[in-house]
Amino acid sequence: MAVQHVLAMAGTPVSAAFLMAASLRLTAGQTASLLGAVMVLSGAGSVLQSLGAGAFGARLPFVMLPGGAATALFLQIAHDHGPAVASGSVLLAAVLLLAVTPLYRQVVRLFPPLVLGVTVLLVGVSMVRVSAQLLAGPDGGAPPQALATAGLTAAFTFAAHRMLRGAWRRSAVLLGMAAGTALAVATGLGAFTPAGGAGVSPPRLLPYGTPALDLSAALPLLLFSLTSLAEATGQTVLNTERPDLARDVPRLARADAAVSLIGAVLGTPPMVTSSENIGVNRLTGVHSRHVTAAAGVLLIVAGVFSPLSRLVAGLPTAVVAGSALVVYATITVMGVEMLGRLRLGGSPDAMTAGLALTAGLLPVAAPGLYAGLPEWARSVLGSGVVAGTVTAVVLHALRRRSQSADAAPEPAPEPSG
């Protein structure tokens, strides 16, 4: 049972580590260390969520992984401000999440499905641009062999997702990377150069130096930490027959924050409880938290013993870029689906969503648009995710307040005479 969960979730930490390594231009040895850290934290977080420790951990059959949106935002901050600032942003986001868990009911109201849909869509669009930059390289023009390798990797990933089922389908990104690498090496389009070394390889502390704290740069991840409470609510409802949201969601969020604090020291993006294993639970009919705890132990072992991480550290950059385009395109579609369920049509929410998306897409379409503004304003408006999410929150709150005022009963007329 535990191995099934590992197969279903292993593709996420591997692909996240290599998206980060390629974007940050890490060496093969650094990539192997990062992958080990991500897998160890995924395993430790899964054990903590499954078994619990005091007020930390939901004590439900959950696994923990580097979140797709969280990884995207980490890379966006690292791209704009450097990886040390990105690690500092993970620290700040984790501390904020710990601070707001007592206010769970109040915070989650700020992020209704409309706001979450806008945020997810903008995360996907913003990171498609970053993935294209990764493929193009510093010169801004991708060589034909890199384009071919990325395209074939994306095609393999698509085929695996369409043709396979179960745990293999959930590993489509990992399988696409393997197939893309094999074809690139066979045709001379790319090289596979694993990192040297063997045996036990503990994760490295502070791989990017001391984390730098910058509140304005950290805004994307700070907003993400707040929106994660809404996602945690839905996951908890799906993963237990009798949820106690007031008890379970804060415990889940505290565990996410605690593991993310450690991740900031090890150079990883925020770690979040994942819904990927919920499908395995439903497919097998086994809802035991001891199974997911055992899966966590297996991940810790795989992360500490380095042959796997050193082997996959040699993937060509173009292969990782092709996988990244698939991953972030999927996130974009998730945002579209979330907004589609609202059936906006000609409702007032359509204008809210449109203006929020416009605010978020402006810095993507014209990166230098806000160059003349002060630094703090550039940090807010220049991030598509932050600008769009803040706009959606404010406009949605104003519309709800207006609706409440319109619905308020008129005072009864005073009697004459």
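Going by the structure above, here's the rest.
If you're wondering where the values come from, they're calculated on a predicted model, not measured in any experiment.

Before we move on, could you go through the overall build of the chain and cite the residues and values that matter?
Regarding its fold elements, the chain presents 19 helices and two strands. Taking as baseline every contact in the chain between residues at least 6 positions apart, the subset at least 24 positions apart corresponds to 83%. Carbon and sulfur atoms provide 66% of the accessible area of the chain, an area that totals close to 18400 Å².

Any chance you could break down the layout of surface pockets for me, citing the residues and the numbers?
What the second largest pocket holds in volume is close to 450 Å³. Contributing to the lining of the second largest pocket are 24 residues, with D80, P367, R378, G382 and S383 lying nearest its centre. Broken down by secondary-structure element, the contributors of at least two residues to the lining of the second largest pocket are α4 (68-81), α7 (113-136), α11 (215-239), α17 (348-365) and α18 (375-381). Counting residues per element, the lining of the second largest pocket draws most heavily on α4, at five residues. A per-class count over the lining of the second largest pocket returns nine nonpolar, eleven polar and four charged.

Mind laying out empty space enclosed by the protein, listing which residues take part and the relevant values?
Here the structure, examined in full by the defined rule, presents three cavities of 30 Å³ or more. Of the pockets and cavities examined, the largest cavity occupies roughly 90 Å³. At the level of secondary structure, the elements contributing two or more residues to the lining of the largest cavity comprise α5 (83-100), α11, α12 (245-266) and β2 (271-274). Here the element with the most residues in the lining of the largest cavity is α5; it accounts for four residues. Taken together, the residues of the lining of the largest cavity break down into nine nonpolar, three polar and one charged. A volume near 50 Å³ is recorded for the second largest cavity. Forming the walls of the second largest cavity are F224, S228, E231, A232, Q235, L252, D256, V272 and T273. When contributions to the lining of the second largest cavity are tallied by element, the ones reaching two or more residues are α11, α12 and β2. At five residues, α11 tops the list of elements feeding residues into the lining of the second largest cavity. Class assignment for the residues of the lining of the second largest cavity results in four nonpolar, three polar and two charged.

Outline the pattern of salt bridges, listing residues and values.
Under the defined criterion, the tally for this structure stands at two salt bridges. One salt bridge in this structure joins D248 and R247, with 2.8 Å as the shortest N-O distance. Overall, R247 belongs to the partly exposed group, its relative accessible area being 41%.

Outline a nonpolar patch on the surface, listing residues and values.
A surface patch of nonpolar side chains, amounting to about 360 Å² of accessible area, comprises M163, L164 and W168. Inspection of the secondary structure puts L164 in the loop between α8 (144-163) and α9 (166-170).

How would you sum up the environment of M9? Please name residues and give values.
Within the secondary structure, M9 sits in helix α1 (residues 2-9). In sequence terms M9 and S42 are 33 residues apart; their C-alpha atoms lie 9.5 Å from each other.

Talk me through the side chain of T268; I want residue IDs and the actual numbers.
Tracing the chain through its elements places T268 in the loop between α12 and β2. Setting aside anything within four residues of it in sequence, one finds T268 in contact with M20, L34, A37, V38, L41, F74, V90 and G263.

Outline helix α14 (residues 289-304), listing residues and values.
Between its first and last C-alpha atoms α14 spans 23 Å; for 16 residues at 1.5 Å apiece the expected length is 22 Å, and the two agree. Among the residues of α14, V291, T292, A293, A295, G296, L299 and G303 are the ones counted as buried. For α14, the side-chain oxygen to backbone nitrogen distance between the N-cap and H290 is 3.1 Å, and the N-cap itself is S288.

Can you tell me about the nonpolar core, naming the residues and giving the values?
Within the largest apolar cluster, 83 residues are counted, with the highest numbers of intra-cluster contacts made by L24, F74, V118, L229 and Y328. By residue number, the principal contributor to this core is α7, which donates ten residues. Grouped together as the second largest cluster of nonpolar side chains are eight residues, L41, M64, A255 and L266 included.

A description of the packing of helix α3 (residues 28-51) against α12 should follow, citing residues and the corresponding values.
Between α3 and α12, whose axes approach to 10 Å, the crossing angle comes to 160°. With respect to α12, the axis of α3 lies roughly antiparallel. Here α3 runs over α12; the crossing is right-handed. Between α3 and α12, the residues in contact are A37, L41, G45, L48 and Q49 and R251, L252, A255, D256, V259, I262, G263 and L266, respectively. Its residues placed into classes, the contact of α3 with α12 shows eight nonpolar, three polar and two charged.

Can you lay out the environment of A212 for me, pointing to particular residues and giving the numbers?
As for its position among the elements, A212 is in the loop between α10 (172-187) and α11. By relative accessible area, A212 is classed as partly exposed at 29%. Distance in space between the C-alpha atoms of A212 and A86 is 7.7 Å, their sequence separation being 126 residues. Excluding anything up to four places from it in sequence, A212 contacts A84, V85, G88 and S89.

About the criteria used
Residues numbered from 1 in each chain as written. Predicted model: local features only at pLDDT ≥ 70, side-chain atom pairs only at ≥ 80, totals over all residues. Heavy atoms only, no water. Helix = DSSP H or I, 4+ residues; strand = E, 2+ residues; numbered from the N terminus. Contact = heavy atoms within 4.5 Å. Areas by Shrake-Rupley, 256 points an atom, 1.4 Å probe, with all protein chains shown as cover. 1 Å grid on protein atoms, 1.4 Å probe; cavity = no way out; pocket = protein on both sides within 12 Å on 5 of 7 lines; lining within 4 Å. Points joined across faces, edges and corners; volume = space filled by probe spheres on them. Nonpolar A, V, L, I, M, F, W, Y, C, P; charged D, E, K, R; others polar. Salt bridge = Lys/Arg side-chain N within 4 Å of Asp/Glu carboxyl O. Buried < 20%, exposed > 50% of the residue type's maximum accessible area, 1.4 Å probe, protein only. Patch = residues over 30% accessible without salt bridge, like charges linked within 9 Å, V, L, I, M, F, W, Y side chains within 5 Å. Expected span 1.5 Å × (residues − 1). Polar contact = N/O pair within 3.5 Å; in protein donor to acceptor, adjacent residues only side chain to side chain. Core = buried A, V, L, I, M, F, W, Y, C linked by side-chain atoms within 4.5 Å. Axes fitted to C-alpha atoms, helices over the stretch in contact; angles between N-to-C directions. Parallel < 35°, antiparallel > 145°, perpendicular 65-115°, else oblique. Left-handed = near helix turned anticlockwise from the far one by under 90°.

That's the geometry; what it means functionally is another story.
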